[in-house]
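What the coordinates show
Take a look at the letters that make up each chain.
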Amino acid sequence: MRTALWIILGGVLVFGARAGASSITLVSEGRAESVIFVPDSASRAAVEGAKILQSHLEQISGARLKVLSEKKLGRARVADGRIVFPADEAVAETFVLVGEGTLARKLGVTSEGLGPGGIVMQTVGNAVVLLGADDKTPSDALGSRYSVTTFLEEQLGCRYLWPGESGKVVPRQKTIEVRPLTVRFTPMLRQRNIRWSGYSSRIQMGLSRLRFTKEDFQRARAKASATQAESPDWMGWHRMGGTLGLRTGDGTILPAQTWDRFLREHPEWFAMQADGSRYFDPNWERPRLCKSNPALIEAIVREKVKELKANPGRKSISLMTNDGGGKAGFCMCGACKALDPAEGRPTNIWTYEHESGRTRRFDYVSLTDRMLWFYNAIAEKVGAEYPKVLFTGQAYSVYASPPVRQKLHPRIVIRFVHNTAHYASDEIRRQGMSDWDAWADSASMIYWRPNSLLWGRHEGITGVYVHKLAEDFAHIAHNKCVGTDFDSCMHHWATQGLNYYVLAKLHWDPDLDVEEVIEDYCRSGFGGAAKEIRRYMMLLGRLTDQTAAKKRDTIDRPSIDVTEPYTPAAVAELRGILDAADRAAGDSAIVRRRIGFLRRGLEFTALQSRIYEVLRLAGQRRLGGAELEQARGLLDEKWQMMRSIFEEEHFAVNVAAMCWGEWWRFKRLGWTGPSPKAAEADRDRERAGLHVKAGGPTPAGDTKEMTHANIQGKAVR
């Protein structure tokens, strides 16, 4: 990682200590030598930061520093760059100031010049000052808290690898000394966001299939998230935050009640399907529009003007429509098709067939020019009355490719969405990065809303693509990007957690050396086993790259199976590396616990790879009755393993999300849920008060493999 002593001046990072300055002792041999002060009217960020600092210092050293308000200063003063108390009022020898208050200003330390989310970490005399711009920059008001978590990481060696106590690294030491430092830093990105997958209707569907409830989910999530020292959540620790203040949403150009009225009164405003119908079921969540219809545009303009009049402080409005998934297809009327240049990029779109009640796909061209014509028409009319308002549109789905004819209205902000397969296919990645550059050249403001973090979300298997991620991030951050909105952290932490970790670090500093981040992750989290864990991660990266390097029949709708590289030989090699890591960990219980967490993900991957191999054979009609029966046995085994993961290692793999996303795939194997025998066996375990074992029942002919998994499962309990 970077040296702890760094300062940013004029956009250039400078490293170094103040010559001749001495260290500041906060704790000596387990005894508190310092006091934490917060301003009298402390910001939320300062209050939270002080609690986080106090709690971590106690866990590190055993000493609990007092947290006092500056109104407790009494006759304290600042003299010769030091905080001085009268002898009869002395509360400590050294001080930590969290937040911008009277003492910090008297010591000459302020937030002046910091942008949103900016931080200061500075030693002055006998004080450590940790502060941010906070409420001065309401678009990112948590600077003081960011300063504290940065201090805990850069100065004291704390890390947060994954959610929960096993992912928290808090070094133990009886004495805490702070070396001289001067840091002033404002994050490059004004909005840093990775969506945090939580409870939803989709998760509930998966929970029901696993025979868990919403309450089970909430209890498991809360238990798995708990840490010994007080912390913000994982995203908060990694300083995700800030907002661009743009109204976006996914398809929320108008409220649902307005669409309901339009459906009743103006069915001609909705997309004509290829069969000539304009059928749209009001119960469908994704209405599609006849975007060339001038009456529809006028109606939307009226609604947007009403919205702005009702909200005089509003600085932006959304033009985004629901054009991702859903049953109804895109408008095929003559006027809309005339907006689609024949030279546009070939793509594949869909239409709803009224007679059969089915959706059919067909080859067509990009709809980008159609979308921009629609955006521009609204922006021009609304902008005539509200010239300073921004309009948010997006490059997404079948309109992700750059426009051919249309020019972008100067007040339109583009939200760019990278393909889910961005890291599953090098071809898709190359095209996606080229598209970013083209959009960045034409947009006055652009931000990144990729789906690329959804790599392997339905399969939940191991995968590492951090080198490509870091390369893309640095390029995009320095090429017009003003913020991010990643969809989503799926909580496959035991299989894909390194991707999440590196991504969070890049949000704070896009120019980090990814090799140093990986090295630090392995060293801080796995101690003596760092070398083996790094080897494990690098092998996962090579296996992930194998899939991405394959040529595809079609780049628009490629067939990508991310489980293919996990052959028995590859899995055996990965297991061997983790076995070596276990030996290298020695008697460190926490390191062995973390290795066990990764092993849980590997064993799940091993079972998934066998199941998906069977799926491939089924697609080639190469399975007999006995083989299908064995396949259903594997799926029963997986169902039991998923229940075990949910209860015992909740953040290892997001099994509830998978049971929503991939369940349908196994119908071709004749499996729609656990067999009565498997379900009854699971109920027997529950009645006996036993947890489901991670390996599940051992199928015939695979005793050695599953015995290995069961033994390793016991090792981490």
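Residues numbered from 1 in each chain as written. Predicted model: local features only at pLDDT ≥ 70, side-chain atom pairs only at ≥ 80, totals over all residues. Heavy atoms only, no water.

**Considerations on the overall build of the chain**
Using the following cut-off: Numbering of helices and strands starts at the N terminus; helices are DSSP runs of H or I of at least 4 residues and strands are runs of E of at least 2. Radius of gyration here uses only the C-alpha atoms, and the compact-globule reference equals 2.2 Å multiplied by the residue count raised to the power 0.38. Contacts between residues were defined by any pair of non-hydrogen atoms, one from each residue, lying within 4.5 Å. Values of accessible area rely on a 1.4 Å probe in the Shrake-Rupley scheme; residue burial ignores everything except the protein chains shown.
Summing up its helical and strand segments, the chain has 21 helices and 24 strands in all. Radius of gyration (C-alpha) of the chain: 28 Å, near the 27 Å computed for a compact globule of 717 residues. Considering only C-alpha atoms, the chain reaches an extent of 90 × 75 × 45 Å along its principal axes. Of the contacts made within the chain by residues no fewer than 6 positions apart, 76% connect residues no fewer than 24 positions apart. Carbon and sulfur atoms provide 50% of the accessible area of the chain, an area that totals close to 29,300 Å².

**Brief notes about the confidence of the model for the chain**
Heads up, the rule is: You can read pLDDT as the predictor saying how much it trusts each residue, on a scale of 0 to 100.
Across the chain, the average pLDDT comes to 90, with 91% of residues at 70 or higher. Residue range residues 1-20 is modelled with pLDDT below 50. Its contacts to residues more than four positions away, or to other chains, number 47 contacts. Counted against residues more than four places away or in other chains, residues 692-717, with its pLDDT under 50, gives 51 contacts.

**Digging into the sheet that holds strand 22 (residues 446-448)**
One key point about sheets: their strands pair by backbone hydrogen bonds, in either a parallel or an antiparallel sense. Worth spelling out the cut-off: Following DSSP output, two strands are said to pair if at least two bridges run between them. All axes here are fitted lines through C-alpha atoms, helices being fitted over the stretch that makes contact, and every angle between N-to-C directions spans 0 to 180 degrees.
Spatially, the five strands line up as an open sheet ordered 17-20-21-22-23, and their pairing is parallel. Strand pairing shows two members of the sheet lacking a second neighbour, strand 17 (316-318) and strand 23 (481-484), which therefore form its edges. In this sheet, neighbouring strand axes are inclined to one another by 30 degrees on average, regardless of whether the strands run parallel or antiparallel. Across five bridges, strand 20 (residues 390-395) lies against strand 21 (residues 412-416) in parallel orientation. In the sheet register, Gln394 faces strand 21, and the bridge partner there is Arg415. In this fold helix 10 (residues 368-385) packs onto strand 17, strand 20 and strand 21, with an angle of close to 175 degrees to the strand it touches most, strand 20.

**Things to note about the pattern of salt bridges**
What counts, and what does not: For salt bridges, the criterion is a side-chain nitrogen of Lys or Arg within 4 Å of an Asp or Glu carboxyl oxygen. Burial classes follow relative accessibility: with a 1.4 Å probe on protein chains only, a residue under 20% of its type's maximum area counts as buried, one over 50% as exposed, and anything between as partly exposed.
By the definition in use, this model includes 47 salt bridges. Glu303 is the partner of Arg261 in a salt bridge, and the nearest nitrogen-oxygen pair spans 3.1 Å. Here the residue Arg261 occupies a position in helix 7 (residues 256-265), and Glu303 occupies one in helix 8 (residues 294-310), the gap between them amounting to 42 residues. With relative accessibility at 16%, the residue Glu303 sits in the buried group. Close ionic contact of Glu307 with Arg314 constitutes a salt bridge, the shortest N to O distance being 3.1 Å. Through salt bridges that share partners, Arg159, Glu515, Glu519, Asp520, Arg523 and Arg534 make up one connected network.

**Here's the deal with the packing of aromatic side chains**
To be explicit about the condition: A pair of aromatic rings is counted whenever rings of Phe, Tyr or Trp (Trp by its six-membered ring) have centres within 6.5 Å, and the orientation is called stacked for planes under 30 degrees apart, edge-to-face for over 60 and tilted otherwise. Only lysine NZ and arginine CZ atoms are considered, and such an atom sits over a ring when it is within 6 Å of the ring centre and within 35 degrees of the ring normal.
Following the criterion strictly, the structure yields 29 aromatic pairs and no others. Plain terms: the ring middles of Tyr423 and Tyr465 are 4.6 Å apart, the flat faces sit at 10 degrees to each other, and that makes the pair stacked. With a gap of 42 residues between them, Tyr423 in the loop between strand 21 and helix 11 (426-442) and Tyr465 in the loop between strand 22 and helix 12 (466-477) connect regions that are remote in the sequence. An identical accessibility class is assigned to Tyr423 and Tyr465; each is buried. Ring-pair connections join several aromatic residues into one group, and the members of that group are Trp162, Tyr501, Tyr521, Phe526 and Phe597. If you follow Arg288 out to its NZ or CZ, it ends over the ring of Phe330, 4.7 Å from the centre. When the ring centre of Tyr396 is taken as origin, the NZ or CZ atom of Arg449, which lies over that ring, is 5.9 Å away.

**Focus: the packing of helix 15 (residues 530-548) against helix 16 (residues 568-585)**
Short version of the rule: Working rule for angles: under 35 degrees goes down as roughly parallel, over 145 as roughly antiparallel, 65 to 115 as roughly perpendicular, anything else as oblique. Each crossing gets its hand from how the near helix is turned against the far one by less than a right angle, where anticlockwise is left-handed and clockwise is right-handed. In the scheme used here, Gly and all other residues not listed as nonpolar or charged are polar, with Ala, Val, Leu, Ile, Met, Phe, Trp, Tyr, Cys and Pro taken as nonpolar and Asp, Glu, Lys and Arg as charged.
Running from N to C, helix 15 and helix 16 point in directions that differ by 165 degrees, and their axes come no closer than 8 Å. Classified by the angle their axes make, helix 15 and helix 16 are roughly antiparallel. Of the two elements, helix 15 crosses helix 16, and the hand of that crossing is left-handed. Taken together, the residues of helix 16 that come into contact with helix 15 (itself represented by Glu532, Ile533, Arg535, Tyr536, Leu539, Leu540 and Leu543) are Ala570, Glu573, Leu574, Ile577, Leu578, Ala580, Ala581 and Ala584. Its residues assigned to classes, the contact of helix 15 with helix 16 shows 12 nonpolar, no polar and three charged.

**Notes on helix 10**
Keep this limit in mind: In this scheme, a helix's expected span is set at 1.5 Å multiplied by one less than its residue total.
Look at helix 10: 26 Å from first C-alpha to last across 18 residues, which is about the 26 Å you get at 1.5 Å a residue. Across the 18 residues that make up helix 10, a large majority, 13, are buried.

**Quick word on the sheet that holds strand 14 (residues 176-178)**
The sheet built from three strands is open, its strands ordered 4-3-14 with antiparallel pairing. In the strand order of this sheet, the two ends are held by strand 4 (31-32) and strand 14, each with one partner.

**Side note on the nonpolar core**
Put simply, the rule is: Residue types Ala, Val, Leu, Ile, Met, Phe, Trp, Tyr and Cys, when buried and joined through side-chain atoms within 4.5 Å, form a set referred to as a nonpolar core.
Ranked by size, the top nonpolar core spans 189 residues in total, and within it Leu53 and Met537 carry the most contacts. Sorting elements by how many residues they give to this core places helix 17 (residues 589-619) first, with 13 residues. Grouped together as the second largest cluster of nonpolar side chains are 20 residues, Leu73, Val109, Leu114 and Val129 included.

**A look at unusual backbone geometry**
Following Asp487, the chain continues to Ser488 via a peptide bond in cis, the omega torsion being -10 degrees. The backbone of Asp80 shows a phi angle near 55 degrees, a positive value even though the residue is not glycine. Among the structural elements, Asp80 can be located in the loop between strand 7 (77-79) and strand 8 (82-84). One non-glycine residue, Lys480, adopts positive backbone phi at about 80 degrees. For Lys480, the location among the structural elements is in the loop between helix 12 and strand 23.

**Quick notes on the environment of Arg583**
You can see Arg583 is positioned in helix 16. The exposed category is assigned to Arg583, whose relative accessible area is 62%. The spatial distance from the C-alpha of Arg583 to the C-alpha of Gln59 is 28 Å, given a sequence separation of 524 residues.

**Side note on the side chain of His492**
Note on placement: His492 falls in the loop between strand 24 (486-489) and helix 13 (493-508). Taking the relative accessible area as the measure of exposure, His492 reaches 0% and is therefore buried. In this structure, His492 is in contact with Gly456, Arg457, Gly460, Gly497, Tyr500, Phe651, Ala652, Val653, Asn654 and Met658, ignoring residues within four places of it in sequence.

**With respect to the pairing of strand 19 (residues 358-365)**
Bridging between strand 18 (residues 346-353) and strand 19 involves eight bridges; their strand directions are antiparallel. Bridge pairing links Glu353 to Arg358 in strand 19. The hairpin turn running from strand 18 into strand 19, its antiparallel successor, is four residues long, and Gly357 in that turn takes a positive phi close to 70 degrees.

**Comments concerning helix 7**
So the rule is basically this: Regarding the arc, it is the one traced by the directions from the helix axis to the C-beta atoms.
Where helix 7 is concerned, the buried positions are Thr258, Trp259, Phe262 and Leu263. In a view along the axis of helix 7, the buried residues occupy a sector of 140 degrees, so they form one face of it. Exposed and facing more than 90 degrees away from the buried side of helix 7 are Gln257 and Arg264. Where helix 7 is buried, its residues meet helix 8.

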